[in-house]
Structures are given as structure tokens and as C-alpha cells.
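Residues per chain, in single letters:
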Amino acid sequence: MASTHPTLPKFDGTIGAMEIGILLNVLLCGTLTIQSYTYYTRFSQDHPFLRWLVLTVRIIEIAHTGTLCHTLYTVTVSFFGNPTTLIHPPHSLLVTVTFGGISTAIVQGFLALRVWRLVNLLWLAIICWIFTAIRLMGCLTLTITGWHMTSLPEYKSKFDWILVTLLVVSMTNDLVVTGGLCFTLYRSRKKAQKKMTRVIDKLIGWTLESGLLTSICGMLVVITFFASPNTFAWIGIYVISPKFFSNSLLAILNGRSNLRQDIGSSVTASTLNVGNATSTSGMRTLDIKMTKVQTSVLDYEASEEGRLSPEPMVKKLMVLWKL
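Residues numbered from 1 in each chain as written. Predicted model: local features only at pLDDT ≥ 70, side-chain atom pairs only at ≥ 80, totals over all residues. Heavy atoms only, no water.

It is worth spelling out the overall build of the chain at this point. Assigned secondary structure in the chain consists of ten helices and two strands. Walking the chain from its N terminus toward its C terminus, one meets helices and strands in the order α-α-α-α-α-α-α-α-α-β-β-α. Look at the contacts in the chain between residues 6 or more apart in sequence, and 78% of them connect residues 24 or more apart. When the accessible surface of the chain is summed, it comes to about 16,500 Å², and 67% of that surface belongs to carbon and sulfur atoms. (Helix = DSSP H or I, 4+ residues; strand = E, 2+ residues; numbered from the N terminus. Contact = heavy atoms within 4.5 Å. Areas by Shrake-Rupley, 256 points an atom, 1.4 Å probe, with all protein chains shown as cover.)

Take a look at the structure:
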């Protein structure tokens, strides 16, 4: 007897690709939870602004993952086997665009503030904030215009320029922030003592990892959007991009412990070297006064050449991690 079950289309490139992206988003949300716990246990004395910033990003990311899980349940359970979900996706998928846009805007705005504090160029930070605002407005526009769309293919053909624009603006913003920080750190590396170069190299590596990761993710969304227009591969990549931003933020904040230890050890070693060189000469008396700033930042004076100012790079690095 012939089977009467209808033949369903293959969903590997559509629902399957979106499902993989949502599952990866949930995994990164768990990673963010661990990083948030680590932050609040290690840095309980942080500035209230930072603590509220982390809490806000955490809440928004939970909402972002929750709406994605609702989208997955609606497509795979509530409307299982119904191909119309590929044409009319649930509204919860559109809400995730807004949550992701807000979370990304907070992180990018905070990194632009870091650039201003380190480089001391307000105009560069303002450019980054303008890019951040454009991206956020693009996300809000995608949600509002998509709420009453008749079909996803028609919506893509009509408003694809908004998605491409906000992704290009976001990548440009990441590259500006990454380039500004790396350029300043590299320029300061030439003037720093040898013991400080290891700390600066670590900072450059962290900056490149976080900035290039988010830029590559946005680039992959644009490539898959045009290379595979009939699949949801670009959606699968797009839904995990906000988690890269939020996890990068927590990785930077949690990495301050090791960084401050490196700064403290380098500064202490430099101080001891100066002390030995001066005391053996017998010509001047060295007065070393240690001031505790998280780990230790030196403030020493009275060498053979007169008064020694604190290590400039130490100050810059501490400004980078502290409000």
C-alpha cells in the first residue's frame, strides 16, 4: 500500500541553519553567565557604572536569547512542517534584532569611551558613537518595518540595504576602535621599558582578538546574505553576533586581574633596579614611596638625574581599565 504521508521540503539550509545559530547563541549565553559571575565575585569594588553596565548587558542578552528560543519553538513545534513559516517568520525573531542592537550599542559605546580615555581624542570617540547610533537606529528600523511585512523575500528585496548598511557601519566602528587602541599602544610600546612591553603586547593581542572577531562575524553575514539569498545561513550567523560583543566586554573586564599583576610586577622590578643602581653609587639617597592602585603603581623620586616622574605607560594602562 502506497504511503499517504506528504513529502516535506528540505529545511537544512533554512530552519536548520537558523537552529544551529540559535543553539550557538544559547551556548554563548551560558558563557556570558559564567563570565558575569566571575566579574561580580572578583570586582565587587568596581565603579557602580561598570557594575550597572554589566547587569544591563546581561539582562538584555537574556531577553535576546529568550526571544530566539521562542522563535525556534514556534518554527519547529507550533508550526512544524508548515513551510509558510519560511515566508512569515514569527515576530519574536524581529524583536531579537532590537535586543541585539541595544546590547551591541552599549558595548560599542563603552569601547569608544575607552578610546577617548586612552587616546584623548574626543572627535574619534564621537565618530564611533555616531556609528553606534546609526547601527542602533538601523536595528530599530528593521524591527518596525518587518512587523507588517507580507513576506520575507519581498521584505529582503525592499529593505536589504538597511541590513547591509548597519553591518558595514558596525564593522567600520569596530575597526576604528581596534585601530585607534592598537596604534596608541604600539606607539607607546616604543617608549616603554622592556619589562612593560609584555603587558602592552598582551593588550594589543586582546584588542585585536575582540575587534577582529566581531568584524569577521559581520563580514560573514554580508557574504552569506548575498551568496545564499534563499537560505537562512545569514540569520544563523547574525543572531550570535551580539554575544560576541557582550562576551568580549566581560573578557576585557575580567582580564584586568592578570593585567594588573603584570603591571605591578613590572613596576616593582623597575623600582628595585633604580634603587640598587642609586644606592651602590653612594651619591644620592633614594626615597621610594609605593602607592597602591589595585596592584601597585610607583611614585619614586630623587635619582642621580633629579626627580623621576611615574612611568607614563603605567598611567595610560590603568586609565584603560579604570574609570
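This part takes up the packing of aromatic side chains. Tallied over the entire structure, the rule returns six aromatic pairs. Pairing Tyr-155 with Phe-159 gives two aromatic rings, centres 5.1 Å apart and planes at 40°, and the pair type is tilted. Of the two residues, Tyr-155 and Phe-159 are both situated in helix H5 (residues 152-189); the distance of four residues between them amounts to about one turn of the helix. Exposure class is identical for Tyr-155 and Phe-159. Each is buried. An aromatic cluster is built from Tyr-39, Tyr-40 and Phe-43, whose rings are joined through pairwise contacts. (Phe/Tyr/Trp six-rings, centres within 6.5 Å; stacked < 30°, edge-to-face > 60°. Buried < 20%, exposed > 50% of the residue type's maximum accessible area, 1.4 Å probe, protein only.)

Under the counting rule described, the total for this entry stands at one salt bridge. Across the salt bridge formed by Lys-243 and Glu-61, the nearest N and O atoms sit 2.6 Å from each other. Remark: Glu-61 occurs in helix H2 (residues 48-78) and Lys-243 occurs in helix H8 (residues 241-254); sequence separation between them is 182 residues. (Salt bridge = Lys/Arg side-chain N within 4 Å of Asp/Glu carboxyl O.)

Here we take up the packing of helix H1 (residues 12-42) against H8. In the contact formed by H1 and H8, the axes pass within 9 Å of each other and the chain directions differ by 25°. Relative to H8, the element H1 lies roughly parallel. Read as a crossing pair, H1 and H8 show a hand that is left-handed. Along its contact with H1, which presents Asn-25, Leu-28, Cys-29, Thr-31, Leu-32, Gln-35, Ser-36, Thr-38, Tyr-39 and Arg-42, the element H8 presents Lys-243, Phe-244, Ser-246, Asn-247, Leu-250, Ala-251, Leu-253 and Asn-254. (Axes fitted to C-alpha atoms, helices over the stretch in contact; angles between N-to-C directions. Parallel < 35°, antiparallel > 145°, perpendicular 65-115°, else oblique. Left-handed = near helix turned anticlockwise from the far one by under 90°.)

All right, on to the side chain of Ser-215 then. Mapped onto the elements, Ser-215 comes out in helix H6 (residues 194-227). Owing to a relative accessible area of 5%, Ser-215 belongs among the buried residues under this scheme. Those residues in contact with Ser-215 that sit more than four places away from it in its chain are Met-171, Asp-174 and Leu-175.

To continue, consider a nonpolar patch on the surface. Taken together, Leu-175, Leu-208, Leu-212, Ile-216, Met-219, Leu-220 and Ile-223 make up a surface patch of nonpolar side chains, about 610 Å² in accessible area. Per-element accounting of the nonpolar patch gives the leading share, six residues, to H6. Structurally, Met-219 is set in helix H6. Residue Met-219 is classed as partly exposed on the basis of its relative accessible area, which comes to 45%. (Patch = residues over 30% accessible without salt bridge, like charges linked within 9 Å, V, L, I, M, F, W, Y side chains within 5 Å.)

Further remarks concern the state of the cysteines. Here the structure, examined in full by the defined rule, presents zero disulfides. Just so you know, Cys-29 is unpaired, no disulfide at all, and the nearest cysteine sulfur is the one on Cys-69, 8.3 Å from it. (Disulfide = S-S within 2.5 Å.)

Once that is clear, we can look at H8. Here H8 spans 20 Å end to end across 14 residues, near enough to the 20 Å set by a 1.5 Å rise per residue. Burial analysis of H8 places 13 of its 14 residues in the buried class, which makes it a mostly covered element. (Expected span 1.5 Å × (residues − 1).)

Before going further, it helps to spend a moment on the nonpolar core. Of all hydrophobic cores here, the largest spans 33 residues; its most connected members are Met-18, Leu-142, Leu-163, Leu-166, Leu-167, Ile-235 and Tyr-238. Among the elements of the structure, H1, H2, helix H3 (91-119), helix H4 (122-146), H5, H6 and helix H7 (233-238) are those that each provide at least two residues to this core. By residue number, the principal contributor to this core is H5, which donates eight residues. The residues touching Met-18, leaving out its near neighbours within four places in the chain, are Thr-71, Val-75, Leu-93, Phe-232, Ile-235 and Gly-236. Val-107, Phe-110, Ala-112 and Cys-182 belong to the second largest nonpolar core, which has 28 residues in total. (Core = buried A, V, L, I, M, F, W, Y, C linked by side-chain atoms within 4.5 Å.)

This part takes up H3. Here H3 contains 29 residues, and its C-alpha end-to-end distance of 42 Å stays within 8% of the 42 Å for a straight helix at 1.5 Å per residue. Of all 29 residues in H3, 22 are buried; the element is thus mostly enclosed. Phi turns positive one or two residues past the end of H3, at Asn-120, with a value near 65°.

The next subject is the environment of Thr-74. On the secondary structure map, Thr-74 appears in helix H2. We classify Thr-74 as buried; its relative accessible area is 10%. Along the primary structure Thr-74 and Pro-89 are separated by 15 residues, whereas in three dimensions their C-alpha atoms are 9.0 Å apart. Not counting residues up to four positions away in its chain, the partners in contact with Thr-74 are Phe-79 and Pro-90. Of the polar contacts made by the side chain of Thr-74, one reaches the backbone oxygen of His-70; its length is 2.8 Å. (Polar contact = N/O pair within 3.5 Å; in protein donor to acceptor, adjacent residues only side chain to side chain.)

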